Amino acid sequence: MYKNRVKQYGVCLNASSMRHQRLSARPPERGTLVGMTRETKHTPTPTQDEYVGFIRALHLPRYREIPAIDLYMDQLLTYIEDSLRALVAPDEKLLTASMVNNYVKQRIVPAPKAKRYGVDHVATLMVICLMKRTFSMSDINSLLTVSAATHSLDRAYDFFCEAVEESLRTLFCGEVATDHLGTWEIAQPEAFAFAVSVRDSRQLTPERRLALSAATSVANKIYVEKCFELGILDGTDRQSSRKAAHHG
């Protein structure tokens, strides 16, 4: 049943491949992300258990997994759409050409070369698309500036992706999939928690604390929205609650 639902509402994206391919139905794996393309965004909403299973296996494409070839605008939009669609509302405008052009004009994103976008563009836009739902563009620009001054883009981007993933797993699953976040040890939550916990937070640099706080905010925003979208109420879905109220 789970495999069939995956086929209904998503496509598996192999982030290391040069192009997106629709794959046969199968549960999400490490290195893949189940998302909803613009063509499939009106498909049935997954159940709570299915979405929790998706979060448990969630893997955002890391810097080295982003296609090494430069992408034209349509390819760029498709890549980010497929990578992040399952984390936002089905009808939300995640990224458009006008948005990209506006970010370039504001100098938040570097200008493309010959109308093509490279790995740095993709990584930066992935972060923007996740953070803009919680932070203003001014705050995002400040966060990116601080990050660029202290860490290389690949390290900063990978840290943010991992922090978002583990924050989402903490919220949805009450567990984490790794013992470390970057070089810092994280604790396995005893139950559902509101944020991923670093064992000795005093070791975190101010820049890493800022990045982790941003990732936690992004994850909490997604969690609240999905609770409403999926009908999650005190651990039961809305359909079950309605049935209980009707029989009561």
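Preceding this paragraph is the structure being described.
Here we take up the overall build of the chain. When helices and strands are tallied, the chain shows 9 helices and 6 strands. Counting every position in the chain, which comprises 248 residues, the buried fraction comes to 46%.

By the definition in use, this model includes 3 aromatic pairs. With 5.3 Å between their ring centres and 55° between their planes, tyrosine 51 and phenylalanine 54 make a pair best called tilted. With tyrosine 51 and phenylalanine 54 both in helix H2 (residues 48–56), this residue pair falls 3 residues apart, about one helical turn. Accessibility expressed as a relative area gives 2% for tyrosine 51, which makes it buried. Put simply, the rings of Tyr51, Phe54, Phe172 and Tyr223 touch in pairs and so form one group of aromatic residues. Stacked on the ring of phenylalanine 159, the Lys or Arg arginine 208 has its end atom at 4.1 Å from the ring centre.

For the rest of this paragraph, the subject is unusual backbone geometry. At arginine 107, a residue that is not glycine, the phi angle is positive and equals roughly 65°. Looking at where arginine 107 falls in the secondary structure, it is placed in the loop between helix H4 (97–105) and helix H5 (119–131). The exposed category is assigned to arginine 107, whose relative accessible area is 74%. Not every positive phi belongs to a glycine, and lysine 115 is a case in point at roughly 65°.

Among the secondary structure elements, histidine 59 is positioned in the loop between H2 and helix H3 (73–84). Looking at histidine 59, the relative accessible area reads 12%, which means it is buried. Residues histidine 59 and valine 164, spaced 105 residues apart in sequence, show a C-alpha to C-alpha distance of 9.9 Å. A distance of 2.9 Å separates a polar atom in the side chain of histidine 59 from a polar atom in the side chain of glutamate 65.

Looking now at the side chain of threonine 170. Mapped onto the fold, threonine 170 is located in helix H7 (residues 153–172). A distance of 2.8 Å separates the side chain of threonine 170 from the backbone oxygen of glutamate 166, its partner in a polar contact. Those residues in contact with threonine 170, other than ones at most four positions away along the chain, are Glu175, Val176, Phe192, Ala193, Ala195 and Val196.

All told, the structure shown has 9 salt bridges when counted by the stated rule. A salt bridge links arginine 62 to glutamate 165, with the shortest nitrogen-to-oxygen separation between them at 2.6 Å. Taken together, the positions of arginine 62 in the loop between H2 and H3 and glutamate 165 in helix H7 put the pair 103 residues apart, joining distant regions of the chain. On the basis of relative accessible area, arginine 62 is assigned to the buried category, the value being 13%. The partner of glutamate 166 in a salt bridge is arginine 169, and the shortest N-O contact between them spans 3.0 Å. Highlighted residues: glutamate 166 and arginine 169, both in helix H7, separated by 3 residues, approximately one helical turn. Each of the two residues, glutamate 166 as well as arginine 169, counts as buried.

What counts as what
- Residues numbered from 1 in each chain as written.
- Predicted model: local features only at pLDDT ≥ 70, side-chain atom pairs only at ≥ 80, totals over all residues.
- Heavy atoms only, no water.
- Helix = DSSP H or I, 4+ residues; strand = E, 2+ residues; numbered from the N terminus.
- Buried < 20%, exposed > 50% of the residue type's maximum accessible area, 1.4 Å probe, protein only.
- Phe/Tyr/Trp six-rings, centres within 6.5 Å; stacked < 30°, edge-to-face > 60°.
- Lys NZ or Arg CZ within 6 Å of the ring centre and 35° of its normal.
- Polar contact = N/O pair within 3.5 Å; in protein donor to acceptor, adjacent residues only side chain to side chain.
- Contact = heavy atoms within 4.5 Å.
- Salt bridge = Lys/Arg side-chain N within 4 Å of Asp/Glu carboxyl O.

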